[in-house]
Amino acid sequence: MTVTDAEVLSTAVTAALRTIDTNLAAFGDRYPGDTTVQGRYRLRPATGDVPEGGNVGWTTSFWPGMLWLAWDLSGADVYRRAAEAHTASFADRVHNGVDLDTHDLGFLYTLSCIVPWQRSGRSPARTAALAAADHLLSRVLEPAGIIQAWGDLTDPRQRGRTIIDSLMNTPLLFWASRTTGDPRYANAARRHTAQLRDHILRPDDTTFHTFYWDPETGEPLRGETEQGNSDDSCWARGQAWGIYGFALNYRYTGDVSFLRAAQRCAGYFLKHLPADRIAYWDLEFGDGSGEERDSSAAAIAVCGLLELATQSGVGTYRAAAGDILQSLINGYATAPGSTASDSTAPDSTAAGSTALLLHGVYDKPKGVGVDEGNLWGDYFYLEALARVTLPDWTDPW
Ligand code: GLY
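Here's what I pulled together on the structure shown here. This is a predicted model, so every value here is computed, not measured. (Residues numbered from 1 in each chain as written. Predicted model: local features only at pLDDT ≥ 70, side-chain atom pairs only at ≥ 80, totals over all residues. Heavy atoms only, no water.)

A short note on the pattern of salt bridges
Okay, step 1: On inspection of all chains with the given rule, the structure shows 29 salt bridges.
Okay, step 2: Taken together, the salt bridges that share partners define one network made up of Arg157, Arg161, Arg222, Glu224, Glu226, Asp363 and Lys366. (Salt bridge = Lys/Arg side-chain N within 4 Å of Asp/Glu carboxyl O.)

Quick notes on the nonpolar core
Okay, step 1: Tyr109, Leu172, Phe269, Phe380 and Tyr381 are the most contacted members of the largest nonpolar core, which has 130 residues in total.
Okay, step 2: For this core, the element with the most residues is helix α11 (residues 295-312), which contributes 11 residues.
Okay, step 3: Once you skip the residues sitting within four places of it in the chain, Tyr109 turns out to touch Phe90, Arg93, Val94, Ile114, Ala128, Ala129, Ala132 and Leu172. (Core = buried A, V, L, I, M, F, W, Y, C linked by side-chain atoms within 4.5 Å. Buried < 20%, exposed > 50% of the residue type's maximum accessible area, 1.4 Å probe, protein only. Helix = DSSP H or I, 4+ residues; strand = E, 2+ residues; numbered from the N terminus. Contact = heavy atoms within 4.5 Å.)

Looking at the packing of aromatic side chains
Okay, step 1: Under the counting rule described, the total for this entry stands at 22 aromatic pairs.
Okay, step 2: Relative to Phe380, the ring of Tyr379 has its centre 4.9 Å away and its plane inclined at 90 degrees; by these criteria the two rings are edge-to-face. Exposure class is identical for Tyr379 and Phe380. Each is buried.
Okay, step 3: Clustering of aromatic rings is evident, with ring pairs tying together Trp58, Phe62, Phe107, Trp241, Tyr244, Tyr362, Trp376, Tyr379, Phe380 and Trp397.
Okay, step 4: Over the ring of Phe208 we find Arg202, and its NZ or CZ is 4.3 Å from the ring centre. (Phe/Tyr/Trp six-rings, centres within 6.5 Å; stacked < 30°, edge-to-face > 60°. Lys NZ or Arg CZ within 6 Å of the ring centre and 35° of its normal.)

Points about the sheet that holds strand β5 (residues 220-224)
Okay, step 1: The strand order across the open sheet formed by three strands is β3-β4-β5, and the pairing between neighbours is antiparallel. Since the sheet does not close on itself, it has two edges, and those belong to β3 (161-163) and β5, each with one partner. Across the sheet, the axes of successive neighbouring strands diverge by a mean angle of 25 degrees, strand direction being ignored.
Okay, step 2: In this sheet, β5 lies alongside strand β4 (residues 210-213) in antiparallel orientation, the contact comprising four bridges. (Pairing = 2+ DSSP bridges. Axes fitted to C-alpha atoms, helices over the stretch in contact; angles between N-to-C directions.)

Overview of the site of the ligand
Okay, step 1: Trp58, Asp165, Gln227, Trp235, Arg237, Trp241 and Tyr362 make up every residue found near the ligand.
Okay, step 2: One of the side-chain nitrogen or oxygen atoms of Asp165 is found 2.5 Å away from a nitrogen atom of the ligand.
Okay, step 3: Interatomic distance of 2.6 Å between a side-chain N/O atom of Arg237 and an oxygen atom of the ligand.
Okay, step 4: Across the complex, the protein chains shield 96% of the 200 Å² of accessible surface that the ligand would expose by itself.
Okay, step 5: Split into classes, the residues belonging to the shell around the ligand amount to four nonpolar, one polar and two charged. (Near = heavy atom within 4 Å. Polar contact = N/O pair within 3.5 Å; in protein donor to acceptor, adjacent residues only side chain to side chain. Areas by Shrake-Rupley, 256 points an atom, 1.4 Å probe, with all protein chains shown as cover. Nonpolar A, V, L, I, M, F, W, Y, C, P; charged D, E, K, R; others polar.)

Examining the side chain of Asn23
Okay, step 1: Summarising the element assignment, Asn23 is placed in helix α1 (residues 6-27).
Okay, step 2: Owing to a relative accessible area of 5%, Asn23 belongs among the buried residues under this scheme.
Okay, step 3: Discounting chain neighbours no more than four positions away, the residues touching Asn23 are Gly28, Tyr41, Trp63 and Thr354.

Given below as structure tokens:
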């Protein structure tokens, strides 16, 4: 396949929209859980004061994010109205301080508030996104100049720790500088990305999932995994975040060392794919390992490789993205445009799944969301379809 194979793509988009229709009927303006359970999304579990289906955790914005994509892909107003209905919940969340001790404010507020602000110009969405950017800025630790990933800033286990995924959260800061004219946000994003380039990206082009800096001296300390197979292995989704995240940070800064970092992540990722081009959950595993693939890493990588092709002008990244996307459509998407019989993929016939993509892994070491669909995999699969089917489409990042 090439990524311009219109009939295959059109069938895949139609199938994805059908699944979104099912989920829209089930969830409306509430939130599904991070992953499917036995193939089906359920309402997000209640936690603390937040009832079932409430807006907590790092993945809720992928649901309105998918609805915005569904509107772009179909033009059907039902998706725009459904997407817009989520903005108020995200505004409440940031203004009331609900579950904000995370760097994932970028994922959360880019999709839920910057997108509607850019489309409708309604100021509550901008105000909420700026409040989120301020909160993210408050997580910068000096003198290291890194953004702490998780937890309260005084939590000894999390203090001074950042993670590769954070590269996808810096676009919120670049946006905040553009919209306010205040350079502090962009400066923080650039310093943080430079630290990840120098320490989370290893000399052999693999990445640590997480890395600690001494919060007092700013000295780089050590890498450690959280969701990979071992501290020294290469967690597949982290490497995919690296491709896309470094490419986006290059887009906003023009710093060619970030482009080079994205290329290094991409080179290693592509060299360590199995026959069907869908990564196992850790890149140290290959065919015959008996381990699970992570379709969400593949979907993120497709978007990252397409961005990298645009940023670098290197066409082979686009071809590699097309091969992975074809394999996702053939063997991993629900109601795919063709059967899985020509694929080495795991059985993709899980009848009745409400995920767009089967066979993701959230956190294998903890046994969470293993061989299930997940919200971010579904979102980036749909973003990949938007990227290759809508010629003038602009991504939200
Ligand atoms: N950002 C968390 C993950 O990729 O699992």
